[in-house]
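Observations on the model geometry
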Amino acid sequence: MGRILALDYGTKRTGIAVTDELQIIASGLTTVSTAELLPFLKKYFTEESVELVLLGEPKQMDYTASHSEINIQEFLKKFTENFPEMKLERVDERFTSKMAFQSMIDSGLKKKQRQNKALVDEISATIILQSYLYK
């Protein structure tokens, strides 16, 4: 069984989370510059067995597409060109950033640490992955 990888795609940074090989535990992996995302994924896919990629789908409260969906669609095109065999699913990511920030507060991180946007993105990707695993 391969891992499941989740992406919280952003125009500047992308948070990445991954499961263990048994697909039981979701853990934050890293945050990468979005410009370096495809090279990062190429390297990661050669080193690890990945069965599925989850990509956050930002929606408005009325379920319409978010303005960032345009950028995500451009990434999706490049992703399918580079990884035509990789299975990809979209996952509703509404409120993940707020949930990530709240989890940082709940875990006792200091204000300075909570301002680390890369950490928020990584935690958001983990929340996306957890929501998929526990549905």
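This section reports on the structure supplied with the text. All figures in this text were calculated on a predicted structure; none of them were measured in a lab. Here the residue index of a chain counts from 1 through its sequence in written order. Reporting in this predicted model follows two pLDDT cut-offs: at least 70 for local features of residues, and 80 or more for side-chain atom pairs to be given and counted; totals over whole chains, interfaces and linings ignore these cut-offs and use all residues. Only hydrogens and water are removed before side-chain values are computed, so all heavy atoms of the structure are retained for them.

Here we look at unusual backbone geometry
Unusually for a residue other than glycine, Gln23 sits at a positive phi of about 60°. Numbering of helices and strands starts at the N terminus; helices are DSSP runs of H or I of at least 4 residues and strands are runs of E of at least 2. Along the chain, Gln23 turns up in the loop between β2 (13-19) and β3 (26-33). Burial classes follow relative accessibility: with a 1.4 Å probe on protein chains only, a residue under 20% of its type's maximum area counts as buried, one over 50% as exposed, and anything between as partly exposed. Overall, Gln23 belongs to the buried group, its relative accessible area being 19%.

Some remarks on the sheet that holds β3
At least two bridges found by DSSP between two strands are what make those strands a pair. With respect to topology, five strands assemble into an open sheet ordered β3-β2-β1-β4-β5, the strand pairing being mixed. Of all the strands in the sheet, just β3 and β5 (87-92) have a single pairing partner and so form its edges. Each neighbouring strand pair of the sheet contributes to a mean axis angle of 25°, computed without reference to strand direction. Here β2 pairs with β3 via seven bridges, running antiparallel. Each residue of the ladder has a partner; that of Ala17, found in β3, is Gly28. Only heavy atoms enter the contact rule, under which two residues are in contact if any of them lie within 4.5 Å. Fitting a line to C-alpha atoms yields each axis, with helices limited to the stretch in contact; the angle taken between N-to-C directions then spans 0 to 180 degrees. Those strands touched by helix α5 (residues 117-133) are β1 (3-8), β2, β3, β4 (50-57) and β5, and its axis lies near 40° from that of β2.

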